[in-house]
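An overview of the molecular structure
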Protein chains: 4
Amino acid sequence: MNDMRKTVADLHAELVRYNLVVWTAGNVSGRVPGEDLFVIKPSGVSYDELTPENMVVCDLDGNLVEGEHAPSSDTAAHAYVYRNMPEVGGVVHTHSTYASAWAARGEAVPCVLTAMADEFGGEIPVGPFALIGDDSIGQGIVETLKGHRSKAVLMQNHGVFSIGKDAKAAVKAAVMCEDVARTVHVARQLGDPLPIAQADIDSLYDRYQNVYGQRSPR
Amino acid sequence: MNDMRKTVADLHAELVRYNLVVWTAGNVSGRVPGEDLFVIKPSGVSYDELTPENMVVCDLDGNLVEGEHAPSSDTAAHAYVYRNMPEVGGVVHTHSTYASAWAARGEAVPCVLTAMADEFGGEIPVGPFALIGDDSIGQGIVETLKGHRSKAVLMQNHGVFSIGKDAKAAVKAAVMCEDVARTVHVARQLGDPLPIAQADIDSLYDRYQNVYGQRSPR
Amino acid sequence: MNDMRKTVADLHAELVRYNLVVWTAGNVSGRVPGEDLFVIKPSGVSYDELTPENMVVCDLDGNLVEGEHAPSSDTAAHAYVYRNMPEVGGVVHTHSTYASAWAARGEAVPCVLTAMADEFGGEIPVGPFALIGDDSIGQGIVETLKGHRSKAVLMQNHGVFSIGKDAKAAVKAAVMCEDVARTVHVARQLGDPLPIAQADIDSLYDRYQNVYGQRSPR
Amino acid sequence: MNDMRKTVADLHAELVRYNLVVWTAGNVSGRVPGEDLFVIKPSGVSYDELTPENMVVCDLDGNLVEGEHAPSSDTAAHAYVYRNMPEVGGVVHTHSTYASAWAARGEAVPCVLTAMADEFGGEIPVGPFALIGDDSIGQGIVETLKGHRSKAVLMQNHGVFSIGKDAKAAVKAAVMCEDVARTVHVARQLGDPLPIAQADIDSLYDRYQNVYGQRSPR
C-alpha cells in the first residue's frame, strides 16, 4: 500500500513534466495489488504538495477508505474503470491541450504515425459527452476502451482518460496520447497526412506490444 | 499585511510557471483583509527579484501608501476593481498568448470544454478597447464582469484581467483562462468544436462552485 | 570592461529562458561605455559555457581586440550598427520562431496589441534579404531602424535584430518581439485582428517611453 | 570507449532540453573511433536514468557486444548507417513534433531560412515509409542522405534520423531540424514563405561549413 502511495504520488510529476496539466486539473490512480482498493490524488491539492502520505485510498465504489483529504473529483470514473476492467491497474485523467482539442471537436486522432501504431494500435477513439456526478463518465470510458487496442479515450468536450496494466503504463499512454495528438494536429494544419496501411499498423502494434523495452529491467 | 505581501509576491511565480508573462508584463494584487488597501507588484521589477519586502501597498484610489518602488503601471485598473467590486479580493493581469489572441480579434472564447463550464460558467467575454492613464480599463473590466459568471475578461487588443475572492483564486482564473483559450483555439484550427448544451453548462458550473476541492484544506 | 563582459554573458540567459535560441544560434553584444569597443558572444560556444572571461571584445570595425575565441559570426552586423547608430548601446540577434516566420514571409507584424504600441510604437518592420560576409546585414538593419520607432527588425528569410540604449534594453526588445509576433500570429490564425487607431498607438507609445518602470531603481 | 559512453549518455540531455523526445522515444549513438563498434541508448530506459555505465555497445551488424540492457529498438537502423556511411560518426533518432508532422505528410521542408541553408544546404528531404524489424529503415536513411547535403531525413509517417561526423554533430542536426521545421511550418500557416535563390543557398552553405565556429576550441 505504501509502495503504491509513493508510485502514484511520484507519477504526477510526469504529468507536470510533459505539460499535460495545469493547476490541479489532472490525476493518476493505481490499483492496490491483491486488494479491492486503489490509490488516487486528493482533490484540489497542487502537484508540488503531493506526497505518499496525502494520497488517498478508495474502494472500488469510490468510497474513501483512508486519507485526510477528499479524493479527486474524478474518483467515480476511476472506480468504475477498476470495477469493470479487472485487467486495468492504473488510470490517468488529463485535459492535455491537443488531445482535448480533438475531443472538443468529437474527432478521433487518425493513426498516421508509426509511434501511434506502436502504442495505440490504430486511432485514438472518442468517448461520449458525459456529466460528472454519477457513473456516466466511467461508463463512457469502459464502453469505448473495452476490446479496443487504444489505451486512451478522448471524452467529448472534456479531456483524456488513459488506462494501463499499472499506473506507470497509464501515464505513458497519457503522455503518448498528447504527443501524437499534437503531431497529427500540426501535420493536418498544412494538408492531409498520408495514411498507413492497416496491415502495417497491425504489424507495428504486434511487434511493439511483444518486443519493445527491457525484458528484465534492473 | 506582511502575509499579503508574501502571498502576492509568491503568486507571481505561478504566472511564470505557466508562461503567462514575459519580462515584467503581468501583475498580481491582493486586497488587505479589513482595510481599504491592496498589495501589488512594483513596476518594471523582474519576477526573479520579487520579495515580500519590495511589494507595494496602495489605497483604493491607487495611491502609493507603502513601498520604495512605484506601483505597477496597471495599478489604476486594479484599484478601480477593488473600489467597485467589494466581493473581489484579488486581481491579476497578463498578456498571455492565446487569451490575448482572442482579445486581439475581439472575440469571446466559446464554452466548448467542461473545464470552462466548471471554472467560468460559460464563455470568457470580451471587454472594450481602453487606453491606460485613467479609469477606462477599470471601468471596462467592471462593466464586463459585474453579474457575469466569468472571472476573466479579454480586454480588446490588450490582454486578460481576472478576479477572484482572493489573489490565489484570481491567479487560478488567469491560468485556466489561458489554458482553455489555447485548447479552444487549437480545436478551432481544424474545424468547429461541438457545443455544450446550456443546461449542461449550468449543471457543471453549479457543481464545481459548490463541490470541488477540499472543504477544509490543511 | 569587466562589468560589460559580465552583463553580456549573463544576458544570454534571457535568450535561453524565453526560448529565443537553440544550440548557439543567437547573440548579445554591449557597447563599452566611453570606448570604441563592444563585448560580444564568442562563436560556436554553447550558452551553458558562457562566462565573463570567454566573452570577446571587438572594435567598431568588428576586429577582435581581446579574447581567446573568435567573435560571433554575426559580429560584422553588430559592428555596423554601433558605427552608424551612436545612440545604440546594445544589439541582439536571434532566430526566434514566430518572428522568423514573419521574416520568412517578408511580412511586418502589424500593431494590433497595446503591448506592441507600448514597446515598438507601431509595426515591427521587415529588413532586406542580405547575405552574411560583408556589411549587407548591418546596412539592412540600420536602413530599416534609423528613424523608426521599432527597436526590432525582421531580416527577410533570416531572423531578428534588436537594438536598445544598452544591452538589456536590446534583449527586452528581442523578448517582446517574439512575444508579440507569436500573439499576433495566433490571432491571425482564426481571423483578422482588430486594428488600433493610429492616435491610440501614438498615445500608448508616448506614455510608455516616458512613464513606465522605476524612475530610480535601486 | 568509456569516453564515448559518457558522450552518448550526456548528449541525450540535449534531446530532452530541446523537447525533441517524450518518455523513451528517441536515441543517440556514437561510433567508437578506430573500432567497428558504436555506443547506443539502452531500450526502454528513461532519460533521467541514463549513465555512461548503462549505455550499450554494438557491432556494426547491431549485435550487442557489451551491456546489461538490450540496445535501442532502433539499433538496426543506426548499424546500417554506420556500415554504409563510413564518414558518419553519430546518428540520432527522434519523433520531434514539427519534423514528424512534415514526415506524416511526406513533405520535405523547403529551404526558406538562412539557418537552413547554413546547416542543411537546402531542403530537408523525405525518406520512404519503412517498417521496423529489418534493414528497411536503414536503407531508406542511407538512400536519402548519401550524396545529399542534408544531415537529416524525415522518414515518412515516422520521424527524424540525423547524422554527423560525430554524435554531437548529429544531435545538433536533430535540434536544428526541429527548429527550422517549426519555423517554416509557422511561416506557412499564414501564407507562402519567400524563396531563397539557389545561388544564395549555395553560398550560405559553403561559408557555414568552412568558416563558422571556433577553429581551435578549448
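Note: the structure precedes this text.
Notes on the structure in this doc start here. (Residues numbered from 1 in each chain as written. Chains lettered and ligands numbered in written order. Predicted model: local features only at pLDDT ≥ 70, side-chain atom pairs only at ≥ 80, totals over all residues. Heavy atoms only, no water.)

**Some words on the relation of the copies chain B and chain A**
Short version of the rule: Superposition of the copies used a least-squares fit over C-alpha atoms from residues whose pLDDT is at least 70 in both. The contact rule is simple, with two residues in contact once any of their heavy atoms fall within 4.5 Å.
When chain B is brought onto chain A, the operation consists of a screw motion whose angular component is 90° and whose axial shift is 0.0 Å, with 0.0 Å RMSD remaining. Such a combination of turn and shift is consistent with a four-fold rotation axis. Considering only C-alpha atoms, the part of chain B nearest the rotation axis is Gln189(B), at 5.3 Å. Little of the interface of chain B is mirrored in chain A, where only 3% of its interface residues are also at the interface.

**Quick word on the interface of chain C and chain B**
What counts here: Two parts placed together each lose some accessible area under a 1.4 Å probe, and adding up what both lose gives the buried area. Throughout this description, the term salt bridge denotes a Lys or Arg side-chain nitrogen within 4 Å of a carboxyl oxygen of Asp or Glu. Polar contact is defined as a pair of N or O atoms within 3.5 Å, subject to the rule that within protein one atom must be able to donate a hydrogen and the other to accept it, and that residues adjacent in sequence are counted only when both atoms are side-chain atoms. Strands are runs of DSSP state E lasting at least two residues, helices are runs of H or I lasting at least four, and both sets are numbered from the N terminus onward. Throughout this entry, Asp, Glu, Lys and Arg are counted as charged residues, while Ala, Val, Leu, Ile, Met, Phe, Trp, Tyr, Cys and Pro are counted as nonpolar. The remaining residues, Gly among them, count as polar.
Between chain C and chain B, the contact holds 33 residues from the first and 32 residues from the second. Both sides of the chain C and chain B interface together cover about 2,900 Å² of buried area, and 60% of this is carbon and sulfur. Across the pair Asp48(B) and Arg17(C) runs a salt bridge, and its minimum N-O distance is 2.7 Å. Scanning the region where chain C abuts chain B turns up 9 residue pairs in polar contact (both at pLDDT 80 or more). Secondary structure elements with two or more residues in the side of chain C that touches chain B: helix 1 (2-17), helix 4 (114-120), helix 6 (167-189) and helix 7 (198-211) of chain C. If one sorts the elements of the side of chain C that touches chain B by residue count, helix 6 of chain C sits on top with 11 residues. Taken together, the residues that form the side of chain C that touches chain B break down as 16 nonpolar, 7 polar and 10 charged.

**Regarding the state of the cysteines**
Residue and element names in this part refer to chain A. Heads up, the rule is: Disulfide assignment relies on a single distance test, namely cysteine sulfur atoms paired within 2.5 Å. Buried, partly exposed and exposed residues are distinguished by accessible area as a fraction of the type maximum, computed with a 1.4 Å probe on protein chains only: under 20%, between the cut-offs, and over 50%, respectively.
In this structure the tally under the stated criterion is 0 disulfides over all chains. Unpaired in terms of disulfides, Cys177 finds its nearest cysteine sulfur in Cys111, a separation of 12 Å. Using a relative accessible area of 0% as the deciding quantity, one classes Cys177 as buried.

**Topic: the interface of chain B and chain A**
On the side of chain A, 31 residues touch chain B, which itself brings 33 residues to the contact. With both chains or domains summed, chain B and chain A bury close to 2,900 Å², and 60% of this area falls on carbon and sulfur atoms. Applying the counting rule to chain B against chain A returns 1 salt bridge. Seen at the junction of chain B and chain A, the total is 9 residue pairs in polar contact (both at pLDDT 80 or more). Among the elements that make up the side of chain B that touches chain A, the one with the highest residue count is helix 6 (residues 167-189) of chain B (11 residues). Counted by class, the side of chain B that touches chain A contains 16 nonpolar, 7 polar and 10 charged residues.

**Here we look at unusual backbone geometry**
For Asn157(B), which is not glycine, the phi torsion reads 60° and is therefore positive. Its location among the elements puts Asn157(B) in the loop between strand 7 (152-155) and strand 8 (159-164). We classify Asn157(B) as buried; its relative accessible area is 0%. Its identity as a non-glycine residue notwithstanding, Asn19(C) has a phi of 55°, on the positive side. Here Asn19(C) falls in the exposed class, since its relative accessible area comes to 63%.

**Description of the packing of aromatic side chains**
Residue and element names in this part refer to chain B. Stated precisely, the cut-off is as follows: Here a Phe, Tyr or Trp ring, Trp counted by its six-membered ring, pairs with any other such ring whose centre lies within 6.5 Å, and the pair is stacked when the planes are under 30 degrees apart, edge-to-face when over 60, and tilted otherwise. Ring-over charges, as used throughout, are those where CZ of Arg or NZ of Lys falls within 6 Å of the ring centre and within 35 degrees of the ring normal.
All told, the structure shown has 5 aromatic pairs over all chains when counted by the stated rule. With a centroid separation of 4.8 Å and an interplanar angle of 35°, the aromatic rings of Phe38 and Tyr82 are classed as tilted. Taken together, the residues Phe38 in strand 2 (residues 37-40) and Tyr82 in helix 2 (residues 75-84) connect sequence positions 44 residues apart. By the burial criterion, Phe38 is buried, and Tyr82 matches it. Here Arg105 stacks its cationic end above the ring of Trp102, 4.8 Å away from the centre of that ring.

**Description of the side chain of Glu178(A)**
Residue and element names in this part refer to chain A. Worth spelling out the cut-off: Positive: Lys, Arg. Negative: Asp, Glu. His and the chain ends are not part of the count.
Mapped onto the elements of the fold, Glu178 is located in helix 6 (residues 167-189). No salt bridge is formed by the buried Glu178, whose closest oppositely charged neighbour, Arg182, lies at an N-O distance of 4.4 Å. Within the local environment of Glu178, its side chain forms a polar contact with the backbone nitrogen of Tyr98, the two atoms lying 2.8 Å apart. Setting aside residues up to four positions removed in sequence, Glu178 forms contacts with Leu20, Ser96, Thr97, Tyr98 and Ala99.

**Observations concerning the pairing of strand 7 (residues 152-155) of chain D**
A regular strand carries its side chains on alternate faces of the sheet. Residue and element names in this part refer to chain D. Selection criterion: For the handedness criterion, the strands are oriented away from the viewer, and a crossover whose path from the first strand over the helix to the second runs clockwise is classed as right-handed. Pairing between strands is defined by DSSP: at least two bridges between the two strands are required.
Where burial is concerned, the two faces of strand 7 agree: the one with Ala152 and Leu154 and the one with Val153 and Met155 are both buried. Remark: the strand 6 (residues 126-127)/helix 5 (residues 136-145)/strand 7 crossover connection has right-handed handedness. Between strand 7 and the antiparallel strand that follows it, strand 8 (residues 159-164), lie 3 residues; Asn157 among them carries a positive phi value of about 60°.

**Overview of the environment of Thr144(A)**
By the secondary structure assignment, Thr144(A) is in helix 5 (residues 136-145). Polar side-chain contacts of Thr144(A) include one of 2.6 Å to the backbone oxygen of Gly140(A).

**So, helix 6 (residues 167-189) of chain D**
Owing to its 3.6 residues per turn, the α-helix aligns residues three or four sequence positions apart on the same side. Residue and element names in this part refer to chain D. Spelled out, the test is: In a helix, the anticipated span is given by 1.5 Å times the number of residues less one.
For helix 6, spanning 23 residues, the distance from its first C-alpha to its last is 33 Å, which sits close to the expected 33 Å at 1.5 Å a residue. Helix 6 sits mainly inside the fold: 18 of its 23 residues count as buried. Just downstream of helix 6 lies Gly191, where phi reads positive at about 145°.

**A look at the sheet that holds strand 4 (residues 64-66) of chain C**
All names here are of chain C. We count it as follows: Simply put, an axis is a line fit to the C-alpha atoms, just over the touching stretch for a helix, and the angle between two N-to-C directions goes from 0 to 180 degrees.
Strand order in the open sheet formed by 8 strands is 4-3-2-1-5-8-7-6, with mixed pairing between adjacent strands. The open sheet has two edge strands, strand 4 and strand 6 (126-127), and neither has a second partner. As paired elements, strand 5 (residues 90-94) and strand 8 (residues 159-164) share 5 bridges and run antiparallel to each other. Its bridge partner lying in strand 8, His93 is registered against Phe161. Against the sheet, helix 1 touches strand 1 (26-31), strand 2 (37-40), strand 3 (56-59), strand 4 and strand 5, its axis set at about 150° to strand 1. Across the sheet, helix 5 (residues 136-145) lies against strand 6, strand 7 (152-155) and strand 8, angled at about 130° from strand 7, the strand it touches most.

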